Amino acid sequence: MAIKKQYLKSKPVAKVTLSLPAEAAPEAKKVKVVGDFTSWKKGIEMKKLKSGEFKATVELPVDNSYQFRYLIDGKNWENDWAADAYVNSGVSPEENSVIAL
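Criteria and cut-off values
Residues numbered from 1 in each chain as written. Predicted model: local features only at pLDDT ≥ 70, side-chain atom pairs only at ≥ 80, totals over all residues. Heavy atoms only, no water. Buried < 20%, exposed > 50% of the residue type's maximum accessible area, 1.4 Å probe, protein only. Helix = DSSP H or I, 4+ residues; strand = E, 2+ residues; numbered from the N terminus. Pairing = 2+ DSSP bridges. Contact = heavy atoms within 4.5 Å.

Peer 1: How would you sum up the pairing of strand β2 (residues 13-20)? Please name residues and give values.
Peer 2: Within β2, 7 of the 8 residues are buried, leaving the element largely enclosed by the surrounding structure. In the sheet, strand β1 (residues 3-7) pairs with β2 via 5 bridges, with the strands oriented antiparallel. Residue pairing across strands places Tyr7 opposite Ala14, the latter belonging to β2. What sits between the antiparallel neighbours β1 and β2 is a turn of 5 residues. In this structure, β2 lies alongside strand β6 (residues 54-61), joined through 8 bridges in antiparallel fashion. When the sheet's bridge partners are listed, Ser19 is paired in β6 with Lys55.

Following this line, the structure appears as structure tokens:
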């Protein structure tokens, strides 16, 4: 997995591209990225590429950090293996991925 951060000069946001590789969810039909930037609801649908990888790009304000996870087929959760950090989710023994901008 890789997290690509592109800081914009024109405004205080960054375009963040999140990727879930095919080997992390080989049978997945749909993947959403869900986090505090989506209020842990609904999520952002990721696009499945021909390679089987899922990708999504979001714009997030800089000078902040954000927790998130990937929701696979509406039932399984996966962290980003390339996250900047991991923190306790507070609702289960699992951890959330963190991206710092």
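Peer 1: Give a detailed account of unusual backbone geometry, specifying residues and quantitative values.
Peer 2: The phi dihedral of Trp40 is positive, around 60°, even though this residue is not glycine. Along the chain, Trp40 turns up in the loop between β3 (31-35) and β4 (44-45). Take Trp40: its relative accessible area is 36%, and that puts it in the partly exposed class. The residue Lys42 is not glycine, and still its phi comes out positive at about 45°.

Peer 1: Could you give an account of the environment of Leu101, with specific residues and numbers?
Peer 2: For Leu101, the location among the structural elements is in the segment after β10 (95-100). Along the backbone, Leu101 and Tyr66 are 35 residues apart, and their C-alpha atoms lie at a distance of 8.4 Å. The residues contacting Leu101, other than those within four sequence positions of it, are Lys5, Tyr7, Ala14, Val16, Leu60, Pro61, Val62, Asp63, Asn64 and Tyr66.

Distances and angles like these do not, on their own, reveal function.
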